[in-house]
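Each chain, letter by letter, is given below.
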Amino acid sequence: MTVQQFMDMVIRKNPNEPEFIQAVQEVVESLDAFIDDNPKYVGVLERMVEPERTIIFRVPWINDKGEFCINRGYRIEMNSAIGPYKGGLRFHPSVNLSILKFLAFEQVLKNSLTTLPMGGAKGGSDFDPKGKSDLEIMKFCQSFMNELQRHIGASTDVPAGDIGVGGREIGFLFGQYKRIRNEFTGVLTGKSLEWGGSLIRPEATGYGCTYFAQEMLTTRHSDLKGKTVVISGSGNVAQYACEKVTQLGGKVVTLSDSNGYVYDKDGIDSEKLAFVLKLKNETRGRIKEYAVKYNCEYVEDKTPWHVKCDIAMPCATQNELNRDDAMALVANGCFCVSEGANMPSTPGAVEYFLERKILYAPGKASNAGGVATSGLEMTQNSIRLHWTREEVDTELKKIMKSIHENCVKHGTKEDGYVDYVLGANIGGFVKVAEAMLAQGLV
Ligand code: NDP
Ligand code: 2IT
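This is a predicted model, so every value here is computed, not measured.

**Brief notes about unusual backbone geometry**
Here comes step 1: Although it is not a glycine, N16 adopts a positive phi angle of roughly 60 degrees.
Here comes step 2: Structurally, N16 is set in the loop between α1 (3-13) and α2 (18-37).
Here comes step 3: Although it is not a glycine, T115 adopts a positive phi angle of roughly 80 degrees.
Here comes step 4: Checked against the element boundaries, T115 lands in the loop between α4 (97-113) and β4 (120-125).

Structure follows, in C-alpha cells:
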C-alpha cells in the first residue's frame, strides 16, 4: 500500500478528524521507506491506527447556581502491546474525538520511546475549567470518575494530567476512585507527595524538554548558556521549562496564554516565575497581569514566534506554530526548537524546520519526560517506596538522553543531519510493532 492509499483509507474511516489524520500522516510518511526495507512490519500500522477501545460517556453535574450541566467524557485506549494504557486527561472546551485520538496515537510512540513498559491512551472532556469554583471542579471530577473508574486500574489503564488537569483535579479524581473501588493503588499519576505522588513529576515535562534541547545543542557543540529562549504557554509545561532553562543559564523572554503573550526582555528569573506559578496555579488569572506587574510588553491575541531568539519551546497546544511563524523564527536566528506541547508545529512548519536543517525535536521525543516520570511514579507505587528528588531527576535525565540517542540512531541522514521526526517515529514504532507481532493478531 502506498502512503497515499494508506491515508485514503485512514481519511475514509475517520472523517472529520483532522488532527488525528495529521498525526497519522506524519508517522506514515516517516515509516514508509523503513517498512519497505523491513517487510515483516507490513500491516502493523493498519492495526496501530485503530484504537483498541474507544469509550465515550455522559458526565452530568450540578453547577453552583443549581443548574444541571452535561459534558462528554472520553477515554481512548489506543494500544496496550508493551504495557498498560497510559496517558493524560485533558479538560478543555475544544476536546473532541479527533484531538484525543491524535494525542493517544502520539502517546503510543512516545511511551515506547521512554524505555518504560507503558501502552498509550488519552482521555478527557469538553468541560471548561476556566471560571469554575473549586466545588464545581470537584463535582465534575467526581461525576467523570463515576464512569471512568470501571475502565481503568493500576495494571489496566493509568491516566494523568494534561491541559486543564493538574494537581487539584488529580486529587479529586483519585479520591473518587478510592471511594468507589475501596482500593489505594497507583491508578493515576501526578498525585501529591503525601498520597503516592513522585517528586519531580510536576516539573518533569518542562525539565525533560529542556534536557532534550541540551542534548541537541551538544551535537552542535553548543549549550543553553546565554541563549535567548521564547516559550509559549504559561501552564505546567511552560512553567518548568522556564525554570530549567533559567537554571542552565538561558534567558526566557516570553510566556503566553490563549489571550496573548508577555515579552520581558530582561528575562523571566526565578522571582518572576514564582509570581507566574501563583498566578496560574492558585489565583488562576491571565498572563497579562505579569506585564502589569513587571511593566513589560503585552501583545494581545498573538503568539510569540516573531520575537527574536536562539531557541523556541512551544509549550501550549497543538498547531500553535505555523509555517510563517517557523520562517520568522529562523529568519531571526532561531536554530533549535524543542516541543513541550503535543504537535504544536503544523506540517508546514515542520517541513520548513527540516528544510533549513535546524535542530528540531517533535513533542513525542522532547516532551516524553512527563510520562516517563509518571512511569517512575508507577514503579514507586508498586514497590511502595519513595525515591529522592535526585534519584528521580537522574533517572529522567538518563531517559531523555536515551530518547535522544534513539532519535540519532534512526534519524541520522547521509549528510549527518539528524531528522528527529524520522528518528522518533521509527524508534517508537519498532518496539510496539515487535510486541504486536509477537502477541499474534490481537
Ligand atoms: P496547562 O493546562 O497547565 O497549560 C496550558 C497552557 O497552554 C495555558 O497557558 C493555556 O492558556 C495554553 N493554551 C491551552 N490551549 C490553548 C489554545 N487553544 N490556544 C492558546 N493557548 C492555549 O497544560 P500543560 O502545560 O500540562 O500542557 C501544555 C501542552 O503540553 C499540551 O499540548 C499538552 O498536551 C502537553 N504535554 C503536557 C504534559 C504534562 O505532563 N502536563 C506532558 C507532555 C505534553 P489558557 O490558560 O489561556 O487556556
Ligand atoms: O502528553 C503527555 O505525555 C501527558 N499529558 C502526560 C501523560 C502521563 O501519563 O503522564
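Continuing now.
**Re α1**
Here comes step 1: The complete set of buried residues in α1 reads V3, F6, M7, M9 and V10. Seen along its axis, α1 keeps its buried residues to an arc of 155 degrees; they face one direction. Exposed residues pointing more than 90 degrees away from the buried face of α1 are listed as Q4 and R12.
Here comes step 2: On its buried side, α1 packs onto α2 and α3 (44-48).

**A closer look at the pattern of salt bridges**
Here comes step 1: Scanning the entire structure with this criterion turns up 25 salt bridges.
Here comes step 2: Between R389 and E203 there is a salt bridge, and its shortest N-O distance comes to 3.3 Å. Of this pair, R389 sits in helix α15 (residues 389-411) while E203 sits in helix α7 (residues 201-218); the two residues are 186 residues apart in sequence, bridging distant segments of the chain.

**Notes on helix α12 (residues 347-355)**
Here comes step 1: Every buried residue belonging to α12 is among A349, V350, Y352, F353 and L354, and all of these are buried.
Here comes step 2: Immediately beyond the C-terminal end of α12, within one or two residues, lies K357, with a positive phi of roughly 55 degrees.

**Focus on the nonpolar core**
Here comes step 1: F212, V229, I231, L255, M313 and I403 are the most contacted members of the largest nonpolar core, which totals 53 residues.
Here comes step 2: Among the elements that line this core, the one with the most residues is α7, at eight residues.
Here comes step 3: Setting aside anything within four residues of it in sequence, one finds I403 in contact with L113, T114, F212, A365 and A368.
Here comes step 4: The next biggest cluster of nonpolar side chains, apart from the first, holds 41 residues, and it includes V24, V27, Y41 and A435.

**Details of the site of ligand 2**
Here comes step 1: If you check the shell around ligand 2, you find 14 residues, and the closest are K86, K110, K122, R201 and S374.
Here comes step 2: In the model, an oxygen atom of ligand 2 is placed 2.7 Å from a nitrogen or oxygen of the K86 side chain.
Here comes step 3: Taking G161, its main chain carries an N or O atom lying 3.1 Å from a nitrogen atom of ligand 2.
Here comes step 4: Here ligand 2 loses 94% of its free accessible area of 300 Å² to cover by the protein chains.
Here comes step 5: The residue inventory of the shell around ligand 2, partitioned by class, reads two nonpolar, seven polar and five charged.

**A word on the sheet that holds strand β5 (residues 157-160)**
Here comes step 1: Judged by pairing direction, the sheet is mixed, and its five strands sit side by side in the order β1-β2-β4-β3-β5 without closing on themselves. Among the strands making up the open sheet, the edge pair consists of β1 (53-62) and β5. Sheet twist, expressed as the average angle between the axes of neighbouring strands with direction ignored, equals 20 degrees.
Here comes step 2: Where strand β3 (residues 85-91) lies against β5, four bridges are found, and the strand directions are parallel. Looking across to β5, one finds that G87 is bridged to P159.
Here comes step 3: The sheet contacts of helix α5 (residues 134-148) involve β1, β2 (68-79), β3, β4 and β5, and relative to β1 the element is tilted by about 140 degrees.

**With respect to the packing of α1 against α2**
Here comes step 1: Interaxial distance between α1 and α2 falls to 10 Å at its minimum, and their mutual angle equals 160 degrees. With respect to α2, the axis of α1 lies roughly antiparallel. Every pair of crossing elements has a handedness; the one defined by α1 and α2 is right-handed. Across the interface between the two elements, V3, F6, M7, V10 and I11 from α1 touch F20, I21, V24, Q25, V28, E29 and D32 from α2.
Here comes step 2: Counted by class, the contact of α1 with α2 contains nine nonpolar, one polar and two charged residues.

Thresholds applied
What you see as residue numbers is a count from 1 along each chain, following the sequence as written. Lettering for chains starts from A, numbering for ligands starts from 1, and both go in the order in which the items are written. pLDDT decides what is reported in this predicted model: residues at 70 or higher carry local features, side-chain atom pairs at 80 or more are listed and counted, and totals for whole chains, interfaces and linings draw on all residues regardless. Processing note: side-chain calculations cover all non-hydrogen atoms of the structure and skip hydrogens and water entirely. Only runs of H or I of at least four residues qualify as helices and only runs of E of at least two qualify as strands under DSSP, and these elements are numbered from the N terminus. Each residue is assigned to one of three classes by its accessible area relative to the maximum for its type, calculated with a 1.4 Å probe on protein chains only: buried under 20%, partly exposed between the two thresholds, exposed over 50%. Directions are taken from the helix axis to each C-beta atom, and the arc is the one they span. By the convention used here, residues are in contact when the closest approach between their heavy atoms is within 4.5 Å. By convention in these notes, a salt bridge is any Lys or Arg side-chain nitrogen within 4 Å of a carboxyl oxygen on Asp or Glu. The set of buried Ala, Val, Leu, Ile, Met, Phe, Trp, Tyr and Cys residues whose side-chain atoms join them within 4.5 Å is what this entry labels a nonpolar core. A molecule or strand has a residue near it when one of that residue's heavy atoms lies within 4 Å. Residues adjacent in sequence count toward polar contacts only when both atoms are side-chain atoms; beyond that, a polar contact is any pair of N or O atoms within 3.5 Å, and within protein one must be able to donate a hydrogen and the other to accept it. Note on areas: these come from Shrake-Rupley sampling with a 1.4 Å probe, and a residue is covered only by the protein chains present in the view. In this classification, the charged set is Asp, Glu, Lys and Arg, the nonpolar set is Ala, Val, Leu, Ile, Met, Phe, Trp, Tyr, Cys and Pro, and all remaining amino acids, among them Gly, are polar. Paired strands, in this sense, are two strands between which DSSP finds at least two bridges. To define axes, lines are fitted to C-alpha atoms, for helices over the stretch in contact only, and angles between the resulting N-to-C directions are given on a 0 to 180 degree scale. Any angle that falls under 35 degrees is termed roughly parallel, while one over 145 is termed roughly antiparallel, one within 65 to 115 roughly perpendicular, and all others oblique. Crossing handedness follows the turn of the near helix against the far one: under a right angle anticlockwise gives a left-handed crossing, and clockwise gives a right-handed one.

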